[in-house]
Amino acid sequence: MPKNLALFLGQALRNPTHVGAIAPSGLILGRLMARDLGPHSKLVVEIGPGTGSLTRAIIEAGVPQENLVLVELNEAFCKTLAKRYPRANIIHGGAQELGKHGIKGAETVVSGLPFLNFPSGLQHEILSAVFDALEPGRELVQFTYGRKPPISPQVMQNLELTWHLRGRVWANFPPASVYEFRRGG
Ligand SMILES: C[S@@+](CC[C@H](N)C(=O)[O-])C[C@H]1O[C@@H](n2cnc3c(N)ncnc32)[C@H](O)[C@@H]1O
């Protein structure tokens, strides 16, 4: 079994709520998540990168590692990310702490967080931090295995978030949907 897959599975068994998946995302899903990114992207933040599957697609899209901030709660995943992407900025911590780390003016936040597993208080905390870190009008790109947006309707209303379905990826295991969220109209 490839090393990253074994690490992912081991951590998923230890921390099922936080990891929230049985396998890392596939490249086709990563490419849809990274669709609008490229060498022009000045600051991209990825929250919940895990072993770096979506990160790979972001870098393949042309985003320089130096312009990428990876925010990951799991220490073992952070060590793997540091080996795979030595020039990226890696923060070992929660996405709810983006402000504490002074992250501002992000063009896009890419998220693999399992929001469906999170209580609405934590969803609210993380999304407030995400939209404070984003440039006004810019989007959070989020995937989910569910058939609906993974954020509670109450949290979306409180934070004035709107959503748009970017697409579905049947070729992923499990199949996934990609949503864009924005604050305001
Ligand atoms: C579903 S996995 C996604 C991994 C990877 N992005 C992928 O698509 O294969 C969720 C990841 O979010 C991380 N995570 C969970 N809660 C977090 C939080 N509050 N802040 C940052 N990372 C978190 C987990 O440790 C895990 O790596």
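Just above sits the structure.
Source: prediction; values computed, not measured.

1. With respect to the layout of surface pockets
The calculated volume of the largest pocket comes to roughly 590 Å³. Contributions of two or more residues to the lining of the largest pocket are made by α2 (16-19), β1 (44-47), α4 (53-60), β2 (68-72), α6 (120-133) and β5 (134-144). By residue number, the principal contributor to the lining of the largest pocket is β5, which donates 3 residues. Size it by volume and the second largest pocket reaches roughly 180 Å³. In terms of lining, the second largest pocket is formed by Asn4, Leu5, Pro24, Ser25, Gly26, Leu27, Thr51, Ser53, Arg56 and Arg84. For the lining of the second largest pocket, the secondary structure elements donating two or more residues are α1 (3-14) and α4. The residue inventory of the lining of the second largest pocket, partitioned by class, reads 3 nonpolar, 5 polar and 2 charged.

2. Looking at the pattern of salt bridges
Considering all chains together, one arrives at 13 salt bridges under this definition. In this structure, Arg166 and Glu180 form a salt bridge, with 2.8 Å as the shortest nitrogen-oxygen distance. Of this pair, Arg166 sits in strand β6 (residues 161-169) while Glu180 is found in strand β7 (residues 176-183), placing the two residues 14 residues apart along the sequence. Across the pair, exposure class does not vary: Arg166 and Glu180 are buried alike. Shared partners join several salt bridges into a network, and the residues in it are Arg35, Asp36, Glu139, Arg166, Glu180 and Arg182.

3. Concerning the nonpolar core
Core analysis: the biggest nonpolar cluster contains 29 residues, and Val45, Ile47, Leu127 and Val130 have the highest contact counts within it. Elements with a minimum of two residues in this core: β1, β2, β4 (106-111), α6, β5, α7 (153-158) and β7. In terms of residue count, α6 provides more of this core than any other element does, 6 residues in total. Among all residues touching Val130, those that are not within four sequence positions of it are Ile47, Leu98, Val109 and Leu140. In terms of nonpolar packing, the next biggest core, distinct from the first, is built from 21 residues, Leu37, Ala57, Leu68 and Val178 among them.

4. A look at the packing of α1 against helix α5 (residues 75-84)
Contact geometry of α1 with α5 gives a least axis separation of 11 Å together with a crossing angle of 160°. In terms of orientation, α1 and α5 fall into the roughly antiparallel class. The way α1 lies across α5 gives a crossing that is left-handed. Between α1, through Asn4, Leu7, Phe8 and Gln11, and α5, the contact on the second element is made entirely by Ala76, Phe77, Thr80 and Arg84.

Rules and cut-offs
- Residues numbered from 1 in each chain as written.
- Predicted model: local features only at pLDDT ≥ 70, side-chain atom pairs only at ≥ 80, totals over all residues.
- Heavy atoms only, no water.
- 1 Å grid on protein atoms, 1.4 Å probe; cavity = no way out; pocket = protein on both sides within 12 Å on 5 of 7 lines; lining within 4 Å.
- Points joined across faces, edges and corners; volume = space filled by probe spheres on them.
- Helix = DSSP H or I, 4+ residues; strand = E, 2+ residues; numbered from the N terminus.
- Nonpolar A, V, L, I, M, F, W, Y, C, P; charged D, E, K, R; others polar.
- Salt bridge = Lys/Arg side-chain N within 4 Å of Asp/Glu carboxyl O.
- Buried < 20%, exposed > 50% of the residue type's maximum accessible area, 1.4 Å probe, protein only.
- Core = buried A, V, L, I, M, F, W, Y, C linked by side-chain atoms within 4.5 Å.
- Contact = heavy atoms within 4.5 Å.
- Axes fitted to C-alpha atoms, helices over the stretch in contact; angles between N-to-C directions.
- Parallel < 35°, antiparallel > 145°, perpendicular 65-115°, else oblique.
- Left-handed = near helix turned anticlockwise from the far one by under 90°.

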